[in-house]
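# A structural walkthrough
Given next are the chains, with one letter for each unit.
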Amino acid sequence: MSATTSVAAGPLGRLRLDHLGFAVGDLAAAAEPFTACYGFGVLDRFPTASGAPEDGVRTVAVGAGGIRLVLTAARDAGHPAARYVARHGDGVRDIALGTPDAAAAFAEAVRRGAEPVAGPAERDGVVTASIAGFGDVVHTFVQRPGPAAGGPGPAATGLYGIDHLAVCLEPGRLGPTVEYYERALGFAAVFTERIVVGAQAMDSVVVQNDAGTVTLTLIEPDTGRAPGQIDRFLASHGGAGVQHVAFASDDIVRSVGLLAARGIGFLDTPGTYYDLIPGRLTLSRHSVDELRDLNVLADQDQDGQLLQIFTRSGHPRGTLFFEVIERLGARTFGSGNIKALYEAVELQENRSDATR
């Protein structure tokens, strides 16, 4: 019996992505790009059970459609959010998983080998319980009295959901981390790839929950090759963490145009990439010229195509950025996706080095 099959009817079988919890130092500064640039609204009716002003904790939830981001700033240096910021800077500290029964999900995950972080607790009608994930990132099981409130629809920029998260792991941690998710949460490995770019290489495995609603792309560098962007992330971030969050769009050309007009910077793509597209695939939507004008990447797998682009990192350490992705039938990750990200980031860093 597979790990996925074994959890389908149990308390881990109805998990979904409830929200992403960001630990931040300056709440207003962290929220501003999401509201002003990405077009997310403030979710006033989204209890988070993560603290209160009288406890020295300030929280704001923003989002649209199925995107829910909870930003938390804490004055107390001993608070988990403050400790995270001190070690890593602003970033994703909690990949929160919605469930009908947080206590049961927590108990089952711990029984299956998950490391407990915080037992079941209730606040403002929300029941939570947390387990360890990777690095200093946790998973909080969230049980709400009603549906998780999001935005009334897609953002003004056309972003409507979280497609996946990319996670950088220390060398040697890929296999154990995949095994942890399979055993403790019943996730399944759905895609495996080794990427070699010049003298650099990395290995990745995509894991998903049984419903396909939570997707993590786990990546580790090959230390037998030359150091690359994964190594630099680990050094700058101070260990494993979320490298980027992929926002789903219903029209990537429209979304990227609007985001760029609002001040979001994107990675450049070599012009020769677009010259080669007709030999690689026949686009099912948008034109080569539209993609070229916006630096959007195109790829396909056995089920269809996907279009994607990556933002420039605005993080002081350069360790967190975002992706916009439009899926046109593709259900997995085509062989060129991660390689395209790797090459695009390397190109940006090489150009930056050349201008210094």
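The structure presented is a predicted model; accordingly, all values stated were derived computationally and were not measured.

### Brief notes about the overall build of the protein
Scanning the protein from N- to C-terminus turns up 11 helices and 16 strands. Burial status across the protein gives 53% buried among its 356 residues. Across the protein, the fraction of contacts at a sequence separation of at least 24, relative to all contacts at a separation of at least 6, is 68%. If you sum the accessible surface of the protein, you get close to 14600 Å²; carbon and sulfur atoms cover 51% of it.

### Describing the sheet that holds strand S9 (residues 159–168)
The strand order across the open sheet formed by eight strands is S10-S11-S12-S9-S13-S16-S15-S14, and the pairing between neighbours is mixed. Of all the strands in the sheet, just strand S10 (188–197) and strand S14 (297–301) have a single pairing partner and so form its edges. Between one strand and the next, the sheet's axes are offset by a mean angle of 25°, whatever the strand orientation. When S10 meets strand S11 (residues 200–208), the two strands line up antiparallel, connected through nine bridges. Each residue of the ladder has a partner; that of Ala188, found in S11, is Gln208. Across the sheet, helix H6 (residues 229–237) touches S9, S11, strand S12 (215–221) and strand S13 (241–249), and the angle it forms with S13 is around 115°. Helix H7 (residues 252–261) contacts S9, S13, strand S15 (304–310) and strand S16 (321–328) of the sheet and is inclined by roughly 155° relative to S16.

### Notes on the pattern of salt bridges
Here the structure, examined in full by the defined rule, presents 13 salt bridges. Notably, a salt bridge pairs Asp163 with Arg327, separated by 2.7 Å at the nearest N-O pair. Of this pair, Asp163 sits in strand S9 while Arg327 sits in strand S16, and the two are 164 residues apart along the sequence. Among the salt bridges present, the one from Asp251 reaches Arg285, with a minimum N-O distance of 3.3 Å. Of this pair, Asp251 sits in the loop between S13 and H7 while Arg285 is found in the loop between helix H9 (277–280) and helix H10 (288–294), placing the two residues 34 residues apart along the sequence. The class for Arg285 is partly exposed, based on a relative accessible area of 31%.

### A word on the pairing of S12
With seven of seven residues buried, S12 is to be regarded as a mostly interior element. In S12, alternate side chains face the same way, and those of Thr215, Thr217, Ile219 and Pro221 on one face and Leu216, Leu218 and Glu220 on the other are all buried. Note that S9 and S12 share four bridges and pair parallel. Its bridge partner lying in S12, Ala166 is registered against Thr217. Here S11 pairs with S12 via seven bridges, running antiparallel. For Val205, the partnering residue across the bridge sits in S12 and is Leu218.

### Side note on H7
Of all the positions in H7, only Ile252, Val253, Ser255, Val256 and Leu259 are classed as buried. Along the axis of H7, the buried positions cluster into a sector of 165°, meaning they face one direction only. Buried residues along H7 sit against helix H2 (27–37), S9, S13, H10, S15 and S16. Phi for Gly263, located one or two positions after H7, is positive at around 110°.

### Points about the sheet that holds strand S1 (residues 16–23)
In space, the eight strands of this open sheet follow the order S2-S3-S4-S1-S5-S8-S7-S6, with mixed pairing throughout. The strands lining the two open edges of the sheet, one partner per strand, are strand S2 (41–42) and strand S6 (116–123). Alignment of S1 against strand S5 (residues 91–98), held across seven bridges, turns out to be antiparallel. Bridging across to S5, Gly21 finds its partner in Asp94. Strand contacts of helix H3 (residues 80–88): S1, strand S4 (67–74) and S5, with the helix running at about 140° to S5, the strand carrying the most contacts. Sheet contacts for helix H5 (residues 174–185): S5, strand S7 (126–134) and strand S8 (137–143); angle to S7, the most-contacted strand, approximately 150°.

Rules and cut-offs
- Residues numbered from 1 in each chain as written.
- Predicted model: local features only at pLDDT ≥ 70, side-chain atom pairs only at ≥ 80, totals over all residues.
- Heavy atoms only, no water.
- Helix = DSSP H or I, 4+ residues; strand = E, 2+ residues; numbered from the N terminus.
- Buried < 20%, exposed > 50% of the residue type's maximum accessible area, 1.4 Å probe, protein only.
- Contact = heavy atoms within 4.5 Å.
- Areas by Shrake-Rupley, 256 points an atom, 1.4 Å probe, with all protein chains shown as cover.
- Pairing = 2+ DSSP bridges.
- Axes fitted to C-alpha atoms, helices over the stretch in contact; angles between N-to-C directions.
- Salt bridge = Lys/Arg side-chain N within 4 Å of Asp/Glu carboxyl O.
- Arc of directions from axis to C-beta.

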